Amino acid sequence: KRGEVALPNGGCVFEFAAEPAALLQTLAHQPLLIELWHKDRYVKDVLLGIATVDLAEIVGVLPRASGRAPSGFVTTERAEELAVPVHPPLHPPEPLRRSADPN
């Protein structure tokens, strides 16, 4: 309850080209939605909650050189560590039940 879990090797990469003004306008209207699911082989998957991330915040992070592309161009990346609240879904999840009770 109210715990934090590190996702080993967790990460997300988006690559695209856009004019800065058009990018900021689009990101201001389209946040990234992240769904948190409980998955188990014995019960139906349950949506636990939804988080939203304002990607415009990431654009404000200063880029840093991250390597060289096969074309020879220097590649850059923007990285930010964020804590975002996870909100319950609109409909409460069903109680978790095992399909075969061993007792």
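In this text, all values refer to a predicted model and were calculated from it rather than measured experimentally.

## Regarding the overall build of the protein
What the protein contains, in helices and strands, is two helices and four strands. From first element to last, N terminus to C terminus, the protein shows the α and β order α-β-β-α-β-β. A total of 103 residues make up the protein; the buried ones form 10% of that total. Contacts spanning at least 24 positions in sequence make up 42% of the contacts within the protein whose residues lie at least 6 apart. When the accessible surface of the protein is split by element, carbon and sulfur atoms take 56% of a total near 9,500 Å².

## Observations regarding the pairing of strand β1 (residues 32-40)
Two elements, β1 and strand β2 (residues 43-53), share eight bridges in a ladder whose sense is antiparallel. Paired with Leu 33 across the two strands is Thr 52, which belongs to β2. Counting the residues that bridge the hairpin from β1 to β2 gives two residues.

## Quick word on the pattern of salt bridges
A side chain of one charge can pair with a side chain of the opposite charge when the charged atoms of the two come close. Taken as a whole and judged by the stated rule, the model has two salt bridges. Lys 39 is paired through a salt bridge with Asp 45; the nearest N and O atoms lie 3.2 Å apart. By relative accessible area, Asp 45 is classed as partly exposed at 34%. Note that Arg 64 and Glu 77 form a salt bridge whose closest N and O atoms lie 2.3 Å from each other. Of this pair, Arg 64 sits in strand β3 (residues 64-68) while Glu 77 sits in strand β4 (residues 74-77); the two residues are 13 residues apart in sequence, bridging distant segments of the chain.

## As for the confidence of the model for the protein
Put simply, the protein has an average pLDDT of 77, and 81% of its residues get 70 or more. The secondary structure element of the protein with the lowest average pLDDT is helix α2 (residues 55-59), at 79, and the one with the highest is β2, at 88.

Cut-offs applied
Residues numbered from 1 in each chain as written. Predicted model: local features only at pLDDT ≥ 70, side-chain atom pairs only at ≥ 80, totals over all residues. Heavy atoms only, no water. Helix = DSSP H or I, 4+ residues; strand = E, 2+ residues; numbered from the N terminus. Buried < 20%, exposed > 50% of the residue type's maximum accessible area, 1.4 Å probe, protein only. Contact = heavy atoms within 4.5 Å. Areas by Shrake-Rupley, 256 points an atom, 1.4 Å probe, with all protein chains shown as cover. Pairing = 2+ DSSP bridges. Salt bridge = Lys/Arg side-chain N within 4 Å of Asp/Glu carboxyl O. pLDDT = per-residue confidence, 0-100.

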